[in-house]
Structure formats: C-alpha cells, structure tokens
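# Observations on the model geometry
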Amino acid sequence: MTRRLPRRRLLAGGSSLLALGALTDRGSGAADGDDPNRVRPSETVGTRGPERTNELSADDLEIDLEVDDLEPFVDDLMETHLADHDIVGAAVAVAHGDEVVFANGYGETDVGSGTAVEADETLFRFGSVSKPFVWTAAMQLIEDGRIDPHEDVNRYLESVSIPETDDEPITMAHLATHTAGFEERFRGTWVDAPDDIRPLPTVLSEARPERVRPPGEVVSYSNYGTALAAQVVADVTGTPFEEYVERELLDPLGMDRSTFAQPLPDDLAADAATGYSSLTGTTMEAPGLALELAPAGSLSATVTDVARLARAHLGDGVVDDERVLEAASIDGLHDQWFTHHEALDGVAFGLFEDSHGDGRTLWHNGHVPGSFYADLLLVPAADLGLVLAYNTDGGQQAAPAFRQAFLEEFLPTDPGDDTPEPEGRLERADELVGTYRGTRIAESTMARLPSTLQAGSVDVTVDDGYLVTDFGGGPDRWVEREPLVFEERDGSGTLAFGTTDGKITRLFVGSQAFERVSSHESLSVHAGLAGATAVGMLSGVVGWPLARGWRWIRDDGADGSASGSDGDSNEDGDRDGDEEPDSSSNTKATASEPPADAEDDPVVETSAEPSADSDSNSGSNSSSAASLRSLLSPTRARWLAGGTIASLFGFLLGAVAVFLFNPYTLFSSPPSSFRVVSLLPIVGLVGTALAAICAVLAWRDRWWTLPSRLHYTLVVLAMAGFCWLLAYWNFLGLPV
C-alpha cells in the first residue's frame, strides 16, 4: 500500500533540513555552552538539529561497480571467509540505484542438513540491524508532525515514564544518537525462550537503567534507548510497535519475509537458519534466545528483504512506487545529528558515520550472542547498499573484513603519498597519558564487570613526539594536527580528546567514547589485587591445617613428657590457646607487669581483677567483653576466617558454574541458582567483619605468637581487600 502522508510537515519537501525551528535553534546537550562543568571535547559539537554534511553527490563519487565483476569477487571472498572463520551459512545482497544487483547464499542453513542458503528464502536473525527500522518509523512520525525530536519524550509516552533529574530532559534526538545518558543494562535483553518475554512497557519500567551522565554529552550505545523510542512510536500511534512497523514499513516495502515476531510465524520458521558458535574451535548449535527489548534486535529476515530498506534509504524513500518517507526526510535522517568533535565522524539519526576516502558511509551491525551476525552498509553518494548475514558468530570477524575489501574493490580511494610526522613535543603531552575505558558500562548492577570487559579500554602513552594508543591489538601512532586532535600515522583515522574544567577526561574515536579511569580503577590493578588477596586467603585455609597437622605429627612422635609441655607449644607458636589458663598463673600476672613470656602464652590476662567499688556500668561492660571473648576465641577465630574464605571462594566457583549453564542470560535473566550463590559474598562480608574483630582481640590479648598474629592479620586484610573488589563490581547484593 502507498502510505498517505498528512498535510502537516516537519520536513519541507525539497530541503534536507527539518523545517521546524526547534530542530536547528533548540539544539540540546553539549551544544549548550552555559554550563561550565559540561564536558567539551575540544569545543564539542553535540546533539542538535541535523547538519548537512559536505558529502559528494552520486555523480561526483566515482564507483567502479560492474555486475560481471561483482559475482566472482563476492563468491571468492565469501568462500574464503566461510572456511577461515568456520561459518556454517551466510548471504549477501548488494543494492545499487533502484535495484538489487546481486544476491546470493553460501553454505548451509543447518549443519549437515544439506539445505543450501538462499538469499531470498533463508531467514537470518539480524540483531541490532533492527534499529534502523525503529529510526525510520520514528522519522515517519517526525515527518507527520506527531513527534518533535527535541521535546521531552515523556510528553509522548503513556505506558511508561522516565523519572525527572536535574539534567535536561531526554529527547528523541538523544535516543537516536545514543546520547540519552543511560548506563548499560543487561536486564530486559536476552531470555531463554519467547514464553519468558514480558510486555515491552513492563520491561521498560522494571529494567530501566540509571542515568549516569547528562543527555547530549557523549555516545553510549543503548538497546534500552532504542526500545524506548519504539514505545514512543507505539504510544503516539496507539499501535504496538510490531504491528506499526509491519503496516507502515514491511508491507509497503514488500518485505514479506521479514518479522519482528518471537517466535517466528510457522510459514517463516521453516526457512529460518539455525544459529551456531565456532569461536571455541568447534561448531556448536547455539540456544534460541529471545529478546525482551524486541524492537532493538528481534528482526528476522532475508538479505534481499533488508536490501529493500536499503533501497528506500538510497531511493529518496521510494521502492517500487511505494513511498515510506519523503526525500527530505531521508536526507534529514542521513544528516549528522551528533558528533564529539567537528573533526570526527558522528551519528546520523540512528545510523553511524564512517569516512571512506572522500565519501561517507552510514552503517549499523547487529548480532545475537553466540550465533548470528549481520551488517547493513549504505553509501548514499554512490547509491550503494550492502547487506551481510551470517548464522555463525565467526561473522564478527568476517563481516568487517568483507566490508573493507568490498569498499576498496568498488570504491577505491587514493591513500596519498604523505605520511604525517610530528613537528615537536605534543601539546599537554603529560596530561594525555593514561587509561581510558569505554562508556557502555552497567555502573549500578552486577553486570558491571562483564560490561566493562566488553566496553574495552585504550592505553595512551607518548613516544618521541607521537601519541601512542593500544586498544588491545598492538600500538598505533598518531600525529597531532591541532590541539587535542590527532591523525593516524599509518592509516586514515582521527581521534580527539575531551576536557572537563580544562582537564583531559575523555578520548574519542569516531562515535566511540572512552573515559579516563584513575589508577585504582585499572583492570590490571584489580587483577593484581585479586591475585594478591587470593594468595593471602589461601595461605590461611591451606597453611593453618598444614601447621596443625605438622604439630600433630611432631607431638605424636615425641615422648609423653615433652609432648605435653608448654615449651613445645609456645616454641611452635600456634597453640590455639582456648583452654582455660591455670588460675595460679593468672594470679601472678599484673596489669603493669606481664610475665616475660606473655607473648608466647596462648591466652594472657593483662588486666587486674576489678576493684570492689567498680560501678555497675563497668561490670556490664566487663560482662559484654567476656561474652564476646568467649564467642571469639583463638580457635574459633581461625575457623571463622576459614569459613569466610570458603564462602568468598564459593561465590567465585558457584558463579562460574552457573555461568557455564547460563552463558548468555546470567545477567539479563538470572536463574534462581545465581540468586542463591549471590548470598555468599554477603556472608563473606559479615564474616570478614567478625574476623577483623578477632584480629583486634588477638593483638590486645596476645593470642598466639607474634608471627602467628601477623599472619592472621594479613589474612584478614586479604579478605577485606577481596570484599572491596566485590563491592566495587557490585557483587555485594542480590541480582537486580
């Protein structure tokens, strides 16, 4: 059907900019310069109305795309990648102009089935390539005048709301550019089966992430933000998002082999590829996960269907005479809506920018954990679109390599002959050095550690006039071309640094953002502390039983008189000392003059008997102290520490065991077993506090020998350090 557009417009037909003044005059976020504490990445250009890029037209960007050359190139490259990355099946579609000029399938839909992948029949799960459909739908409502992209989204939401904060309100522009300021959130993403999916408004309310930074300031990719935008579409139209997108996008575009439904309808399920993991070296079938934030990643489709969306974006909103957006709306969607710095690529309305020679690409990829991977690439100036889909997680390595080889083959660039060289010492060189961590982190939940590992980090050093970065794959050298902006020496990349109150706090590469972390937050420091505390605790749970065993063997081999002597026990220094000392020896000790060998005595009374005229409070305090000392004796102190250490190590072993059975849903949909295991760190914290009291009593009452007291204290400090690590990574509590 042809979508009938109302007369009211936010986009004037013939202009690439949104006509509503709010889109150009009411830019929010980092564009505001009134807040002195606002992060300014070298005068950052923040979320705003769309800005027309200096992009070449289709007539100016030379493309060398011969269909006769396309097929052998793609076939050879795909066959190589399937073999090199152990990929079971894949498909490719290439759109140019108003048609799909190439589409083909490779490999099998299922291991050993013999069923070949067909580009126009086999359905793949596209993961986050679902998101461009959300933003295209949102742009339809902007075009119709039903949404102002710079108004508070709470104005449009009816089934869910975002709590107010001291920061600016969140807008659709913030959601589309992933600058809403949300932390990462695993809850509400993957569950084991479609039957576990809750209604979207419920998920958005119960799994709402914390707002950890002001909106419009920095890009931090958010599945929640995209799903929230889809709920705006649903609430404004009064139609569930799945129904809206089917009626207003999939049907008009002729995408009859595409759906956001979970599980798949029966007529499509028969042609769906099975997902596999091969990263471990063995190809294994992956579990059929379902996504609760469905609009952010539940699309299943053929590559030829998704190529029809690419055609709509390349063809001014029209496919086969069916219009889904006006040409001006498509231009506005493709314009840059946010960048961390004017020298960097940024974010369009839901699509990410990359530079390729003199041209500009827009892209979005997606994956399902442990299985499917997909890629959508648009080159608007060349009327070129590329769609890739893999049913194996090896596609994560294959897709970027394919995309780069494809662009180099059919959109060749001139690398130039000049290699930039430093002209002297870097400006603010000492301030640049440090570790910077990705922003997509679950700050407030137990997913803080896995999200930190996924977010990645970069180490920055300075060497002989070069800025040197290491993202984990080896060093790259950069040359400063203007203050805090650097050009890659052996490549085409650009990075910039951001400042807060004049201090360098962030590093930007394209649309990616990294925040400086202090030394005590470094993963290497935490790894070292974890190792040191583990050794310290093990020295207790292993050393104490070994020492007791050695004493038993030694004493068992000695004569009766020697084995029972105090001299042997004190010489060893580990007699437990919870036997009641002889009363006659106690009467010989005074508070002012303890016996010379008191340090080696198991328990030594260092205080005189209370005087007859002591008041009742003193008696009460003495009684409480006696009760505590009877509860926390030297023998019990070591048992207490050992039990505490067992609970802390038990949490680690238990968490690993639960993870092995729930590798993809441990933090998104925690099983009851993980909730039980999560009680152990709380037990460990209480035990550590009691062990610390024992350490104080050991020094006050001179339990054991001096080396034994020192060792016990070190063990308790190791326990405390380990508990600090658990607290930092949010493991002292129940999963939320």
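Residues numbered from 1 in each chain as written. Predicted model: local features only at pLDDT ≥ 70, side-chain atom pairs only at ≥ 80, totals over all residues. Heavy atoms only, no water.

## Topic: the overall build of the protein chain
The condition is simple: Numbering of helices and strands starts at the N terminus; helices are DSSP runs of H or I of at least 4 residues and strands are runs of E of at least 2. For each residue, the accessible area found with a 1.4 Å probe, counting protein chains only, is set against the maximum for its type, and the residue is called buried under 20%, exposed over 50%, and partly exposed in between. Whether two residues are in contact is decided by their heavy atoms: any pair within 4.5 Å suffices. Accessible surface is estimated by sampling points in the Shrake-Rupley manner with a 1.4 Å probe; for residues, cover comes only from the protein chains shown.
A tally of regular secondary structure across the protein chain gives 22 helices and 23 strands. Counting every position in the protein chain, which comprises 736 residues, the buried fraction comes to 51%. Taking as baseline every contact in the protein chain between residues at least 6 positions apart, the subset at least 24 positions apart corresponds to 70%. Entry remark: accessible area of the protein chain is about 32100 Å², with carbon and sulfur atoms responsible for 50%.

## A look at the confidence of the model for the protein chain
Put simply, the test is: Scored from 0 to 100, pLDDT reflects the predictor's confidence in each residue.
In this model, the protein chain carries a mean pLDDT of 84, and residues with pLDDT of at least 70 account for 81%. Per-residue pLDDT stays below 50 along residues 1-46; that stretch engages in 132 contacts with residues further than four places along the chain or on separate chains. Within the model, the stretch residues 559-614 combines pLDDT values under 50 with 63 contacts to residues more than four positions away or in other chains.

## Describing the packing of aromatic side chains
Our working rule: Only the six-membered ring of Trp is used, alongside the rings of Phe and Tyr, when aromatic pairs are assigned; centres must lie within 6.5 Å, and planes under 30 degrees apart are stacked while those over 60 apart are edge-to-face, with the rest tilted.
Tallied over the full model, the rule gives 23 aromatic pairs. Pairing Phe 406 with Phe 410 gives two aromatic rings, centres 5.1 Å apart and planes at 55°, and the pair type is tilted. Of the two residues, Phe 406 and Phe 410 both sit in helix H11 (residues 395-410), four residues apart, roughly one turn of that helix. Just as Phe 406 is buried, Phe 410 falls in that class too. Where Phe 471 meets Phe 514, the ring centres are 5.7 Å apart and the plane angle is 65°; that geometry is what we call edge-to-face. Note that Phe 471 is positioned in the loop between strand E18 (466-470) and strand E19 (475-482) and Phe 514 in strand E23 (residues 512-517), a separation of 43 residues in sequence.

## Quick look at the pairing of E18
Rules: Two strands are said to pair when DSSP picks up at least two bridges between them.
Most of E18 sits out of view: four of its five residues are buried. In terms of strand pairing, strand E17 (residues 457-463) meets E18 through five bridges, oriented antiparallel. Within E18, the position partnered with Val 462 by the bridge is Leu 467. Between E17 and E18, which pair antiparallel one after the other, the connecting turn spans two residues, and Asp 464 there sits at a positive phi close to 55°.

## What to know about the packing of helix H3 (residues 131-143) against helix H10 (residues 327-334)
What counts, and what does not: Note on method: axes are straight lines fitted to C-alpha atoms, helices fitted across the in-contact stretch only, with angles between N-to-C directions ranging 0 to 180 degrees. Any angle that is under 35 degrees is reported as roughly parallel, and any over 145 degrees as roughly antiparallel; angles of 65 to 115 degrees are reported as roughly perpendicular and all others as oblique. Note on convention: near helix rotated counterclockwise from far helix by under a right angle means a left-handed crossing. Clockwise means right-handed.
Remark: H3 packs on H10, axes separated minimally by 10 Å, with the N-to-C direction vectors making an angle of 125°. The angle between H3 and H10 places the two elements in the oblique class. For the pair H3 and H10, the crossing hand works out as right-handed. Between H3 and H10, the residues in contact are Trp 135, Thr 136, Met 139 and Glu 143 and Ser 329, Gly 332 and Leu 333, respectively.

## Focus: unusual backbone geometry
Negative phi is the rule for most residues except glycine; trans is the rule for most peptide bonds. Cis geometry is adopted by the peptide bond preceding Pro 263, which originates at Gln 262 and carries an omega value of 0°. Among the secondary structure elements, Pro 263 is positioned in the loop between strand E5 (258-259) and helix H8 (266-269). In this model, Leu 484 sits at a positive phi of 70°, which is unusual for a non-glycine residue. On the secondary structure map, Leu 484 appears in the loop between E19 and strand E20 (485-488). Positive phi outside glycine occurs at Trp 704, with the angle close to 55°.

## Considering the pattern of salt bridges
The criterion, for reference: Between Lys or Arg on one side and Asp or Glu on the other, a salt bridge is scored when a side-chain nitrogen of the former is within 4 Å of a carboxyl oxygen of the latter.
For the structure on display, the rule yields 22 salt bridges. The closest approach of N and O atoms between Glu 206 and Arg 198, which form a salt bridge, is 2.7 Å. Overall, Glu 206 belongs to the exposed group, its relative accessible area being 53%. For Arg 311, the salt bridge is made with Asp 320, and the minimal N-O distance between the two is 3.1 Å. Taking relative accessible area as the criterion, Asp 320 reaches 43% and is therefore assigned partly exposed.

## Description of the sheet that holds E23
One closed barrel holds the eight strands; their spatial order is E16-E17-E18-E19-E20-E21-E22-E23, and the pairing between them is antiparallel. For this sheet, the mean inter-axis angle between neighbouring strands, taken without regard to orientation, is 35°. As judged from the four bridges shared by strand E16 (residues 434-438) and E17, these two strands associate in the antiparallel manner. If you follow Gly 434 over to E17, its bridge partner there is Val 460.

## Describing the UniProt feature "transmembrane region" (unreviewed entry) in the protein chain
The cut-off we apply is this: UniProt positions are given in the numbering used here, feature names are shortened, and annotations may be inferred rather than shown by experiment.
Cross-referencing UniProt, the feature "transmembrane region" (unreviewed entry) maps to residues 523-544, 639-661, 673-698 and 710-731 in the present numbering. The distance separating the terminal C-alpha atoms of residues 673-698 is 38 Å; by composition the span is 96% helix and 0% strand. A helix fraction of 86% and a strand fraction of 0% characterise residues 710-731, whose end C-alpha atoms lie 29 Å from each other.

## A short note on the sheet that holds strand E12 (residues 352-356)
One open sheet holds the six strands; their spatial order is E2-E1-E15-E14-E13-E12, and the pairing between them is antiparallel. With one partner strand each, in any of the chains shown, strand E2 (99-107) and E12 form the two edges of the open sheet. Each strand of the sheet is rotated relative to its neighbour by a mean of 15°, with strand direction disregarded. Where strand E1 (residues 89-96) meets E2, eight bridges bridge the pair, whose relative direction is antiparallel. Bridge assignment links Ala 93 to a residue of E2, and that residue is Ala 103.

## Description of the side chain of His 313
Quick reminder of the rule: The term polar contact refers here to a pair of N or O atoms within 3.5 Å; inside protein, the definition further demands a hydrogen-donor-capable atom paired with an acceptor-capable atom, and it admits residues adjacent in sequence only when both atoms are side-chain atoms.
Within the secondary structure, His 313 sits in helix H9 (residues 303-314). Of the polar contacts made by the side chain of His 313, one reaches the side chain of Thr 136; its length is 3.1 Å. Setting aside chain neighbours within four positions, we find His 313 in contact with Thr 136, Ile 330, Leu 333, His 334, Leu 351 and Leu 378.

## Looking at the nonpolar core
As a reminder of what qualifies: By nonpolar core is meant a set of buried Ala, Val, Leu, Ile, Met, Phe, Trp, Tyr and Cys residues that side-chain atoms within 4.5 Å join together.
By size, the foremost hydrophobic cluster in this structure holds 79 residues, and its most contacted members are Phe 126, Phe 133, Trp 135, Met 172, Leu 175, Leu 228 and Phe 349. Those residues in contact with Phe 349 that sit more than four places away from it in its chain are Trp 135, Ala 138, Met 139, Ile 142, Met 172, Ala 176, Leu 333, Asp 335 and Trp 337. If you look at the next biggest cluster of nonpolar residues, it comprises 38 residues, including Ala 442, Trp 544, Phe 649 and Leu 726.

## A few points about a nonpolar patch on the surface
Note the following rule: For patch detection, residues must exceed 30% relative accessible area and be free of salt bridges, and they are connected within 9 Å for like charges or within 5 Å for nonpolar side chains (Val, Leu, Ile, Met, Phe, Trp, Tyr).
Taken together, the side chains of Val 676, Leu 679, Ile 682, Val 686, Leu 690, Ile 693 and Leu 734 define a hydrophobic patch exposed on the protein surface, amounting to about 560 Å² of accessible area. Considering every element that reaches the nonpolar patch, the biggest residue donor is helix H21 (residues 679-701), with five residues. The topology assignment puts Val 676 in helix H20 (residues 672-677). Look at Val 676 and you get exposed, because its relative accessible area is 53%.

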